[in-house]
Every structure is written in C-alpha cells, then in structure tokens.
Amino acid sequence: MYSHGSESLIKQAREIQESELQKFYSRLVKLLQGKEFGHETIDSLQRLHLILSATKYTRTLPAELQKRLLSLLSSPVEQLQVLSSAVLRETLPLPGQELNYNQDNISQLNSYAAALLLSQAGSRAELSSLCTQLLRSLESRQSEAPAHSLTHTLPILNTVLTHSPECLSEDHLTLLSKKLVDWLRYASITQGGGASSGGFFTGPRSRQPAPIAELDGTVSGDFFTVLCVGQGFTDDQWMNVYSFSMLRHWLLTYHSVSSGNIAADTANRLQLSLSLSHSHSFSNDDRSEVDGSVVSMVSATSSSSRLLPPKERLREKAFQYCLRLIEQSDRKAHKRTDTELQKACLVEAVCILDCVCVEDASLVYRTFPCVKALFGRLSSDLTFARVLLPIAQFYLNHGELAAVDCDGVWRLVFGRFPAELFSDPFLAHELLRFLRLNLDSLRLRVPQYARSFPNLLKFLAWDSPAVVDDFVDLLPSLVTAETAVELLHTLLDLPCLSATLVLQLRLTCTPISEPCGRGLLSLDAFRSTSFRGLFLYLLRVEAGSGDTIDRLSTLHEMLAEAADWPRVIQCAQTVPVMLHIFFNTVVAVADQKLLAHLILVMLERSSLLLSLPAYIKEIHRVFSCHLLRLCKLHPSLVVDQSHELLEFAGSTANVYSKEEIYTHVVWVLGEYLSVSCDSRCSVRLITSCFEALEAVLFEITSSAPPPGAASPAPRVVTTLMSALAKLASRSHDLIPRVSLFLSKLRTVTRGGSVAWCSDEEDLVAIVTRGEELWSLLKTPGVAQSVLTPPPHVTTPQWHRDTNVSMPLQLRTLTSLTHSQ
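Procedures and definitions
- Residues numbered from 1 in each chain as written.
- Predicted model: local features only at pLDDT ≥ 70, side-chain atom pairs only at ≥ 80, totals over all residues.
- Heavy atoms only, no water.
- Helix = DSSP H or I, 4+ residues; strand = E, 2+ residues; numbered from the N terminus.
- Buried < 20%, exposed > 50% of the residue type's maximum accessible area, 1.4 Å probe, protein only.
- Contact = heavy atoms within 4.5 Å.
- Areas by Shrake-Rupley, 256 points an atom, 1.4 Å probe, with all protein chains shown as cover.
- 1 Å grid on protein atoms, 1.4 Å probe; cavity = no way out; pocket = protein on both sides within 12 Å on 5 of 7 lines; lining within 4 Å.
- Points joined across faces, edges and corners; volume = space filled by probe spheres on them.
- Nonpolar A, V, L, I, M, F, W, Y, C, P; charged D, E, K, R; others polar.
- Axes fitted to C-alpha atoms, helices over the stretch in contact; angles between N-to-C directions.
- Parallel < 35°, antiparallel > 145°, perpendicular 65-115°, else oblique.
- Left-handed = near helix turned anticlockwise from the far one by under 90°.
- Salt bridge = Lys/Arg side-chain N within 4 Å of Asp/Glu carboxyl O.
- Expected span 1.5 Å × (residues − 1).
- Disulfide = S-S within 2.5 Å.
- Core = buried A, V, L, I, M, F, W, Y, C linked by side-chain atoms within 4.5 Å.
- Domains from an automatic or database assignment.
- Phe/Tyr/Trp six-rings, centres within 6.5 Å; stacked < 30°, edge-to-face > 60°.
- Lys NZ or Arg CZ within 6 Å of the ring centre and 35° of its normal.
- Polar contact = N/O pair within 3.5 Å; in protein donor to acceptor, adjacent residues only side chain to side chain.
- pLDDT = per-residue confidence, 0-100.

Scanning the chain from terminus to terminus reveals 40 helices and 0 strands. Counting only residues that meet the buried cut, the chain has 49% of its 820 residues in that class. Taking the contacts inside the chain whose residues are at least 6 apart along the sequence as the reference set, 74% of them involve residues at least 24 apart. Accessible area for the chain stands at about 39,200 Å²; split by element, carbon and sulfur atoms hold 54% of it.

Quick look at empty space enclosed by the protein now. This model, assessed by the stated rule, comprises 5 cavities of 30 Å³ or more. Here the largest cavity defines a volume of roughly 70 Å³. If you go around the largest cavity, the residues you meet are P454, H489, T490, D493, L494, L497, Y537, L538, R540 and D547. Contributing elements (two or more residues each) for the lining of the largest cavity: helix 22 (484-492), helix 23 (494-509) and helix 25 (532-538). Taken together, the residues of the lining of the largest cavity break down into 5 nonpolar, 2 polar and 3 charged.

Another aspect to go through is the packing of helix 34 (residues 683-700) against helix 35 (residues 714-730). Between two packed helices, what matters for the description is the angle formed by their axes and the separation of those axes. The N-to-C vectors of helix 34 and helix 35 enclose an angle of 150°; their axes lie 10 Å apart at closest approach. The orientation of helix 34 with respect to helix 35, classified from their angle, is roughly antiparallel. You can see that helix 34 and helix 35 cross each other, and the crossing is left-handed. Here I686, C689, F690, L693, E694, V696, L697 and I700 of helix 34 lie close against helix 35, whose contacting residues are V717, L720, M721, A723, L724, L727, A728 and R730. Of the residues that constitute the contact of helix 34 with helix 35, the class distribution is 14 nonpolar, no polar and 2 charged.

Let us look at the pattern of salt bridges. A complete count under the given rule lists 28 salt bridges for this structure. For the salt bridge of D470 with R436, the shortest nitrogen-to-oxygen distance reads 2.7 Å. Placement of D470 in helix 21 (residues 464-478) and of R436 in helix 17 (residues 425-437) is noted, with a sequence separation of 34 residues between them. What makes D470 buried here is its relative accessible area of 9%. For R436, a relative accessible area of 36% corresponds to the partly exposed category. For R451, the salt bridge is made with E542, and the minimal N-O distance between the two is 3.4 Å. With R451 in helix 19 (residues 448-451) and E542 in the loop between helix 25 and helix 26 (552-558), the pair connects residues that are 91 residues apart, well separated along the chain. Its relative accessible area of 35% is what places R451 among the partly exposed residues.

What follows concerns the packing of helix 35 against helix 37 (residues 760-777). Contact geometry for helix 35 and helix 37: axes closest at 10 Å, N-to-C directions at 5°. What the angle tells us is that helix 35 and helix 37 run roughly parallel. Taken together, the residues of helix 37 that come into contact with helix 35 (itself represented by P714, V717, T718, M721, S722 and A725) are D762, I766, R769, G770, L773 and L777. Split by residue class, the contact of helix 35 with helix 37 holds 7 nonpolar, 3 polar and 2 charged.

Here helix 7 (residues 124-139) spans 23 Å end to end across 16 residues, near enough to the 22 Å set by a 1.5 Å rise per residue. Turning to helix 7, its buried residues are L127, S128, L130, C131, Q133, L134, L135, S137 and L138.

Right, let's talk about the state of the cysteines for a bit. Under the definition given, this model contains 0 disulfides. As a non-bridged cysteine, C357 has C355 as the owner of its nearest cysteine sulfur, 9.5 Å distant. Residue class for C357 comes out buried when judged on its relative accessible area of 2%. Cysteine C496 shares no disulfide, and the gap to the nearest cysteine sulfur, in C571, comes to 9.1 Å.

What follows concerns unusual backbone geometry. Although it is not a glycine, A403 adopts a positive phi angle of roughly 55°. Along the chain, A403 falls in the loop between helix 15 (385-402) and helix 16 (407-421). Judged by its relative accessible area of 69%, A403 is exposed.

The biggest cluster of nonpolar side chains holds 250 residues, and the ones touching the most others in it are F417 and F582. Here this core gets 12 residues from one element, more than from any other, and that element is helix 13 (residues 336-359). Shared between two domains, this core holds at least three residues of each, these being domain 1 (1-95 + 107-119) and domain 2 (169-191 + 211-278 + 306-359). When neighbours within four sequence positions are excluded, F582 is seen to be in contact with L475, V479, A484, L487, L488, L491 and L598.

With 10 of 10 residues buried, helix 20 (residues 453-462) lies mostly within the body of the structure. All of the buried residues along helix 20 are F453, P454, N455, L456, L457, K458, F459, L460, A461 and W462.

Turning to the packing of aromatic side chains, a few remarks are in order. A full pass over the atoms with the stated rule returns 16 aromatic pairs. The cationic tip of R567 hangs over the ring face of W462; the distance from NZ or CZ to the ring centre is 3.8 Å. We note K778 situated over the ring of W774; from NZ or CZ to the ring centre the distance is 4.0 Å.

For the rest of this paragraph, the subject is the environment of C228. Checked against the element boundaries, C228 lands in the loop between helix 9 (170-185) and helix 10 (235-257). For C228, a relative accessible area of 0% gives the class buried. Taking the C-alpha atoms as reference points, C228 and D216, separated by 12 residues in sequence, lie 9.7 Å from one another.

This part is about the environment of V229. By the element assignment, V229 lies in the loop between helix 9 and helix 10. Counting along the chain gives 17 residues from V229 to I212, while the straight-line C-alpha distance between them is 6.1 Å. Non-local contacts of V229, meaning those with residues more than four positions away in its chain, are made with Q191, I212, A213, E214 and L215.

With respect to the secondary-structure elements, Q81 resides in helix 5 (residues 78-89). There is a polar contact of 2.4 Å between the side chain of Q81 and the backbone oxygen of S75. Once you skip the residues sitting within four places of it in the chain, Q81 turns out to touch L72, L73, S75, P76, N110 and Y112.

Attention now moves to the side chain of S177. You can see S177 is positioned in helix 9. In this structure S177 comes out as buried when scored by relative accessible area, which is 0%.

Bringing the confidence of the model for the chain into the picture now. Close inspection of predicted coordinates is inappropriate in any region flagged by low pLDDT. For the chain, mean pLDDT is 82; residues scoring 70 or higher make up 83% of the total. Ignoring residues within four places in sequence, the model shows residues 143-147, a span with pLDDT below 50, making 3 contacts including any to other chains. The low-confidence segment residues 256-303, where pLDDT is below 50, has 85 contacts with residues more than four positions distant or belonging to other chains.

Take a look at the structure:
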C-alpha cells in the first residue's frame, strides 16, 4: 500500500519517544515565535501532523504550542492555515484553549478555521450556536464586514447542512432562505470596479463600472447569474454564484429540517402558484425586473412573490433563476471553457427544476414547455449527453403528470447513448447511476428498459472493472420470462462483444490505409460484408431479434486472436459473476418450461464459448452449480430433458473436454431419474440411460485416453459407477450387468497400473468405491434405500413427527423445566 520510504516514516512517527517528542514541541514553539516562517517551520509542522495522525491515540499539545497554532489559522499564508488546522484537528483542545468565535470576530472565520471549529463541536447545541452566529453575520451590511467574510459563510453552512441538518432551526431556515433569494435574484447588474479574483470569471482590468455581459458579449438586460461575465465582480455577485452552487443541496435537505411546516405550505401552494402564473405586473419588490432595458419572460413572471412564505419564495426565485440559465445557455459563447460552463450550469439548472417540481407539482406545467424545448434543441448533439440525463430524470418524474410522450427520451437514453458513447467512462457512470436510482420506476413505466439489455451490456463489455458493481444491482431487473433465454446467450457472448467494440472503435479511429490497421484477421472480418451480420447482431441495440447467432463457432474462430486482449480478458472474468446473478434471479421468474429451455442452452453453449481456457472452465463450473440447483428444485426437469441429457452424457468426448459439467449431468441422471421424482419415469427410460452410461464407462476404462487428452478424472469414473448402481437399484434386472462390471474392474486393477488411470492413489479410491457399490447391490432392497433414500430420511424432522418418541420426550422435558 505504501512505498518502503513511506512505511519507514510512519514507523518512526509511531515509535517516537515521549522525551524526544517534548524536545520537538519546544523546538517548534521557538520556530513559531518568529515573525517570518521559512521552510524549516513548514517541514516541522508537516512532521508534527504525521506524528499525530500515525497513531490511534489522540494527543494533547502543550498550551503554548496550541496557542501558537491557533494564531496561525489567521495567517496570510494559506499553507500555514492548512497545516495548523490539520494538526489541531488531530489533538484534544485544552480547557480554555478551544477555538471560539463570537459575534465580534465571526467575520474573520476562514475555511480552515471553520473545519477545526466544526470538528471540535461536541453537541448539537454548539453547532446550532455557531449557525446562529454565522447567520447573524449575514445580516450585517456588506460594507461593515471584510470582503472575504461572506465567501466563507455559505460553504460552512453547507457543511453543517450535510453532516447535521437538524442543527438548523426554523428561524435559521427562514433567514437563510431570505438571504438566498436576495443573492440569487437581486445581485448587482453592474461590474465591480476591480479585476476578477480568478475562477471562471476572468477578464482584463477595468476602472469604470459597466453593465454585466452575456457569454456572447452582448450587454445583459436581466438579473445577474453565474453565466454572466464581466471584468470585475462585486461581493453580492460572488454570493450569487455561491448560492447557486448550494441551492440544490438546500432544496433537497429542506424537508428533512422543516417538516413541521410542510402541511401548511402544501395547503397554500396551489392557490399561490396559480396566482403567480397569471400575474405579469411589476412591483417594487422585484427590483431587478426594471433595472435593464430588456426584460425577459423569466423576469416578468411573479410580481406577487413577496406574498409567499420564505420557502415558497425561494422555490419561485430558484425556478426563475434556472429558466434564465436555460435561456442564457442558448447563446454562443466566445470561449470553449465558457461552453463547458454552460453545460455544467444546464445540468444543475434542470436538476433544481426537478427538485422544485417534486416539492410543488403545480410548477410542472410551467416548467415542462421549457424543458421540452431544451430537449428538442440538444437531443441531436451527443456532446450534451450529460445534460440530457437530468432531462430524462425530469421526464421520468413528471412526464406522466404532464401527459407528454417520453418515447423520444428513452430511445436516446437506451439507444444512442450506449451504442455510440459506450467508451465514455463519465457517461457510463452517470447513466448507470441514473438507472440504479430509478430502477423501480423504469421497470414499471418504461417498456424499453428490459429490452435494451444488449445495448446496456456494452458498458460492461467495454470497461468491466469500473461498472461491475452497477450491473450487480441492475442485472436482476433485466431478467424476465421474455428476456431470460436471449439474456443468457448475450452474457455468454459478452467477451465477443468486448472484442467487437474494440474493433469498431479501432476501425473508426484508424483509417484502413494505415499500416497499423492491418495484420488483424478479426479486423478484416469486421470489415467484410460476408461476416457483417454476425457483428451487427452483437452490436444490436434491442432484444427480440433471436436467441443467439447461428454461425457462433465461425465468430469464435474470427475472434480467436482477441483472447489475449486486456479488455476481453477482463470482461471474461466478469461473466461468471453475472451468470450467478442471472440464475439466482431466473428461478424466481421462470416457469418449468423456461427452466427446461435454459438447461438445453447450458448443454449447447458448454461447447460454444470463446477460446479462453480459464473462461471456459469457469463457465462450466457455473453451469454445473446451477444445473444441480434447477434439478433439485424441479426434479421432473430430468425426465423432461432426458433425451438431451442422455445425448450429452453418452458422448465420450465430453468426459475429457467438459469434466465439470459432465460429472454433474451424470449425477442428476442417477439421482433424479426415478419414479419417486416423476411418475413418467419408466423402466424403458431407466434402461436406456443405464446403457448409455455403461457404454461410456466401459469405453474410458478399457482403453487409453485419446492423444493429447488427460486421463479421465477419478470423480468422473466414480460418478458413473454410482449412477449405474442407482439406476440398477430401481430396475433389478440391471443389477447383474453392473455387478459384473464392478467385479471385472477389481480383477483388472489387481495386475497393477492401468492405461486410463496414471495415479495409484486415484486407482485405489476408484476400486474402493466399486467394492462398496458391489457389496450394496448384493442386497437390492438395502441398495435402493441407501443409494436413493426417501425424502423423510434425507430431511428428517423428528421434532414434528408424532410417530416417534422425540415429541413426547420434548414435552416431558418442557413440563419439568417450566413451572406450572
């Protein structure tokens, strides 16, 4: 985890002696007594922080040192502020040395002092008192406070809101809501006198205040927003930006800290909102509406907002602010960075509009025309994909209420996004997060969701490690009775899809004429029209065009060279995990007919997999595990699919190439091919199964394995013998045949090693098992009860069976141990 040098420093910090530590404290105090602090002071503070943070114990610093560190919190050097705050957060404050800010010096609080103050708060009352002081500082005139004081207040309050929202009282909420309204809606519309202090507002210095401008350079005729530009900015304009940055968080948390007024707010909501939507007259309260020469529709909407309670008024002003941002985003920005800023602000604006519409459903009708127009403007440009996802969230939340057609949105989200932007990691994260947050709504209200799994799985095929956690949650929602078979095939073909996506991206990025694009047979096949249909099937965007590919073996041959590609290997490692989730889900949604079909798919696809040895082995292990589970849940499946299972078990080649799944197929045939499991199981069926397994066992034990193949696993041999013994115990006419084989097996092995088993210990185990079965078959009645015990023997419930003495004993003990 750490480098050798880092581990050495941490070890030294943990093992430092107390005497040496006290000397270090004294030396640091002397350094901090000077007027200027050099590199030695910085290094000493960094070492002190390492010493304090490297152990689990919280130390107490000497009073003088702690006092000096507290004074560094107001140092003009930011590095000293950071280090002193970090050190003090690792210590216990001395009595009387706590960091306290009252109304006189709260305006001097900076971010690092605030972090320390919040970490030392021992109770809700202390945090509430701090909030009170901070909010009182907001009420003072800006000319009376330092220029930087307001800029630290909102981040501190936002931190409190995140970790302890209950510390804000109703009065706090009311006051801050009013201040947010003022900053959002009534910030200055002229530029500040000085130059910008940085950030995304940059420009040359100007001496004369001028009106704020839009990103396209025109003079703004409306109120100030984060998308306005200028040569310098006033404090209230900066507060406008900070207010917008925390607005969504504030709206989302508002209900949790002010639930007492929700009922009253809701009662007045509809009437007030309707009156606002029909009012277009100006009032003295909305000052910014008459400041400019151009008045937008956003500014002319709600002159009666002063009649609203603070919470409703903030919601209304947030609504106006976001509509103005959407209006501003349509302007052509001069700088590329401003274009990116427009996209970011659009994301935030749509999310805030969604929040206010969730709180007040009557705003949906005022908001939807704007959001619908925005979607129409951006839907053809996939560079706005991150903006279109919040729009999709808005449609999902409010589309049914507004009675709008959402098909175009879902075609974009489930169609073009995964198909064309599968290689964008940020979009993959955002889209999959959107799906996880809205899983229930999507399953109920969006039919395209479940059918879009071939497209959505492109994210998993392209970057499996990054999105596997998302698909662990999403995959169960994609498993339905209609999609199960095709989804199983698609999961098994996922490494092929991964290779195809690599080829597709390489073909689009590399011209055909370039040498680096040559030499790959798979790339030539991808370009070829004769094989184009195979790749197009893998790249399909929606389910329903067939279960799998007819020429699957041909596709695997063309993609054989992709077996060592990193993306393909990573994808193949993910498939077994997805298959376990698939089978665990499908047993709850599938009927017996579908489960029988899935068994056929497992048998068929066990030999139709991309040539990755480790991948094939893992898939066979997964198939084996769930084949047993399905047959245990529904034993009659063995009779339903007896023909296919016997065909698979009767192939000697499967013994050598598919040991895992072959062993389990033989086991389920021997275990569940019985009248007790299914009345349709006839003597004829048992005999045909016996003969097929007997032929395989005789063949593999009478000759050496084929060239290049390993000897049959001892587990395969013993499973075949056990299955034959079980079948013979149910049809006694077969007992002489299996007994004859077992006796011959014992005779053959007495002569030493045999060609089909190279390990002596394995051979002894096989012979021992054969002797046990031979002894059992001498008494057929005992053999049947041992090899195929009835259910009441394998799953006893003695405490419930009234025919045995255990219930009587339990009742007697209960009467003795409990007083009457």
